Amino acid sequence: MMKKIAIIILLFCVYTSKAQVEAPRYFIKNIEANSALSNFGTTFYGSDKLVYASPAKRNYIISNVWKGNDQPFLDLYVGTITEEGGLKDVQKFSDVVNTKFHEADVAFSKDLKTVYFTRSNYFEGRYGKDSLGINRLKMFKATQDASGNWSKISNMPFNNDNYSVGHPTLSEDQKTLYFVSDMPGTLGKTDIFKVAVYENGTYGDPVNLGPEINAPEKEMFPVIAGNDVFYFSEEGRGGFGMLDFFKSELSTNGVKYTSNLGKPIN
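A brief structural summary.

The next thing to look at is the side chain of Asp-105. Position of Asp-105 among the secondary structure elements: in strand β5 (residues 103-108). This buried residue, Asp-105, is left without a salt bridge; Lys-218 holds the nearest opposite charge, at 12 Å. Sequence-distant contacts of Asp-105, that is, excluding residues within four places in its chain, are made with Phe-40, Gly-41, Leu-76, Tyr-116, Phe-117, Thr-118, His-167, Pro-168 and Phe-221.

Below you can see the structure in the form of structure tokens.
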């Protein structure tokens, strides 16, 4: 009997010691800049600002959603990052980029003079629909003029009325643009693709990142750190819920590994 008690105490001590060593990898904090509806798609804008998507009517009454009303269209907002990790001085990002329809999920060039962004299929006054009458998503590019204002919005060459393209992110060397789409060749509901970005302003053909990244369901919100660490949301590869955060390490020969970021993020 004493031996059993000693073993139980020993095991308890081992587990306690292990728990003390393995401190949480992440600490999650809700920030005051959030509105009552969807706030997502964060991207650093320089070293001290953050751009994200939020409903155009940020004071929209949440009870309207429960009454069956649709949420307002999304716009892009920008705020200054505080020392505590919150946001202050939040305002609309650009009246040129924002329209009366959805905008979300951006990627900036290193010099911050070019932005890729997701928008409803709305360009130069045309509201596009697919063969079923559905307005899908497209990716657009805007550049800054000499005064620092956003202008020259262009339609990406791989957009199409019959499928969605969006959620852009750029590699560290600016030579590869990653995005999410359900275009032909998609393995699941949505996949992550990449295209080469050439110095003359043209682009290569979209390439599916393959089954090492793309699961049978869908991928969303890719972000690349440097040229080799790839973060994205995914469902269809197991996990804790629906869309989980995953991380992959890329190499010239493909993907080294893909792992779930675990709790408490997921």
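Still more to cover.
Of all hydrophobic cores here, the largest spans 17 residues; its most connected members are Val-51, Leu-76, Phe-93, Phe-108, Phe-117 and Trp-150. Elements with a contribution of two residues or more to this core: β2 (49-55), β3 (74-81), β5, β6 (114-120) and β9 (137-144). For Val-51, the contacting residues outside a window of four places in its chain are Gly-41, Thr-42, Thr-43, Tyr-45, Leu-76, Tyr-77, Val-78, Phe-93, Val-106 and Phe-108. In terms of nonpolar packing, the next biggest core, distinct from the first, is built from 14 residues, Met-139, Phe-158, Leu-177 and Val-195 among them.

This part is about the pattern of salt bridges. One pass over the structure, following the stated rule, counts 10 salt bridges. The shortest N-O distance in the salt bridge between Asp-161 and Arg-126 comes to 2.8 Å. With a gap of 35 residues between them, Asp-161 in the loop between β10 (150-155) and β11 (165-170) and Arg-126 in strand β8 (residues 126-127) connect regions that are remote in the sequence. The partner of Glu-217 in a salt bridge is Lys-189, and the shortest N-O contact between them spans 3.0 Å. Note that Glu-217 is positioned in the loop between β14 (207-208) and β15 (218-225) and Lys-189 in the loop between β12 (176-181) and β13 (191-196), a separation of 28 residues in sequence. Connected via shared salt-bridge partners are Arg-126, Lys-138 and Asp-161.

Time to look at the environment of Tyr-127. Structurally, Tyr-127 is set in strand β8. For the pair Tyr-127 and Phe-101, spaced 26 residues apart in sequence, the C-alpha separation works out to 9.4 Å. Setting aside residues up to four positions removed in sequence, Tyr-127 forms contacts with Phe-101, Asn-121, Tyr-122 and Asn-135.

One open sheet accounts for four strands, arranged β5-β6-β9-β10; its pairing is antiparallel. The open sheet has two edge strands, β5 and β10, and neither has a second partner. Here the strands of the sheet are splayed against their neighbours by 30° on average, with no regard to which way each runs. Relative to β9, β6 is paired through seven bridges, and the arrangement is antiparallel. Its bridge partner being in β9, Tyr-116 is matched across the sheet by Lys-141.

Rules behind the numbers
Residues numbered from 1 in each chain as written. Predicted model: local features only at pLDDT ≥ 70, side-chain atom pairs only at ≥ 80, totals over all residues. Heavy atoms only, no water. Helix = DSSP H or I, 4+ residues; strand = E, 2+ residues; numbered from the N terminus. Buried < 20%, exposed > 50% of the residue type's maximum accessible area, 1.4 Å probe, protein only. Lys, Arg positive; Asp, Glu negative; His and termini not counted. Salt bridge = Lys/Arg side-chain N within 4 Å of Asp/Glu carboxyl O. Contact = heavy atoms within 4.5 Å. Core = buried A, V, L, I, M, F, W, Y, C linked by side-chain atoms within 4.5 Å. Pairing = 2+ DSSP bridges. Axes fitted to C-alpha atoms, helices over the stretch in contact; angles between N-to-C directions.

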